[in-house]
Amino acid sequence: FSDGGKFFSPARALAHAQTLLQDGADLIDVGAESSRPGALPVSAQEEWARLKDVLAELVRWNCPISLDTYRPETMQKGLDLGVDVINDIWAFRQPGALELVRSSNCGLCAMHMHGDPQTMQLSPIKDDSIQRVKDFFQGVTQRFDQFGIDSRRWVIDPGIGFGKTASQNLSLLARQQELMELGQAVLVGWSRKSTLGQVTGLVPDQRVIPSV
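Residues numbered from 1 in each chain as written. Predicted model: local features only at pLDDT ≥ 70, side-chain atom pairs only at ≥ 80, totals over all residues. Heavy atoms only, no water.

(A) Representation of the overall build of the chain. A tally of regular secondary structure across the chain gives 9 helices and 6 strands. Against the 2.2 N^0.38 benchmark of 17 Å for 212 residues, the chain shows a C-alpha radius of gyration of 17 Å, consistent with a compact globule. A principal-axis box enclosing the C-alpha atoms of the chain has dimensions of 45 × 45 × 30 Å. By the burial criterion, 42% of the 212 residues in the chain qualify as buried. (Helix = DSSP H or I, 4+ residues; strand = E, 2+ residues; numbered from the N terminus. Rg over C-alpha atoms; globule rule 2.2 N^0.38 Å. Buried < 20%, exposed > 50% of the residue type's maximum accessible area, 1.4 Å probe, protein only.)

This is the structure in structure tokens:
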């Protein structure tokens, strides 16, 4: 998810997915709309036009496929093709999202984001980031419970860099054990984030080792 558009064409995306699997990846995550700070949304039609050929091929590879989208209509099309996981930066808060995934057995990844991609780094969280994230996911848990979604189906993502300062991101790293106390599995996406650049002085394509 940090490729910066290098694998935009279906052929290049599929070739990269094959490389990732050969290198030991257990799951391939595919998205067609950037969520980096300041990124503008694309239409649902454009998103699916970018995704459909890649997903249609990947689901034939017999490896877990994650679809990164917040649009219920895109989720449905991906599930119809056979994707295994829905990875949503809006934590299934878009109208109709929870209703849609409730009827599926797919895995779910719910992420915390303060604001939206266009504004989140212009006005980041003002107080304790870990408490904000914990409070948010307690609310998510209540909503998922109300929809009867089994807790074993979903994981939480604290949303490194999504409306948070570098110091807040590092606080989330130092205190991420507190997130485990919420009772859900935790997925953390540090890949080449700008905080790593501030710590190391490295540009994005040199941040693989700091990411690990």
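Having seen it, we continue.
(B) Molecular detail of the packing of aromatic side chains. Tallied over the entire structure, the rule returns 3 aromatic pairs. The interplanar angle of 70° and the centroid separation of 5.9 Å between the aromatic rings of Phe92 and Phe144 together place this pair among those described as edge-to-face. A residue pair is termed long-range when its members are at least 10 positions apart, and Phe92 in the loop between strand 3 (85–88) and helix 4 (97–102) and Phe144 in helix 5 (residues 129–146) qualify at 52 residues. Here Phe92 and Phe144 have matching classes, each one buried. (Phe/Tyr/Trp six-rings, centres within 6.5 Å; stacked < 30°, edge-to-face > 60°.)

(C) The nonpolar core, seen in detail. Counting 41 residues, the largest nonpolar core has Ile86, Phe92, Leu108 and Phe144 as the members making the most contacts within it. If one sorts the elements of this core by residue count, helix 5 sits on top with 6 residues. Excluding residues within four positions of it along the chain, Leu108 makes contact with Val85, Ile86, Phe92, Val101, Phe144, Ile149, Arg153, Trp154 and Val155. Membership of the second largest hydrophobic core comes to 6 residues, among which are Tyr70, Ile89, Met111 and Phe162. (Core = buried A, V, L, I, M, F, W, Y, C linked by side-chain atoms within 4.5 Å. Contact = heavy atoms within 4.5 Å.)

(D) Spotlight on the sheet that holds strand 2 (residues 65–68). In spatial order, the strands read 1-2-3-4-5-6; together these 6 strands make up an open sheet with parallel pairing. Lying at the two open borders of the sheet, with one neighbouring strand each, are strand 1 (28–31) and strand 6 (185–186). Here 3 bridges tie strand 2 to strand 3, and the two strands are oriented parallel to one another. The residue bridging Leu67 from the neighbouring strand is Ile86, located in strand 3. Against the sheet, helix 5 engages strand 4 (107–111) and strand 5 (154–157), with an angle of about 145° to strand 4. (Pairing = 2+ DSSP bridges. Axes fitted to C-alpha atoms, helices over the stretch in contact; angles between N-to-C directions.)

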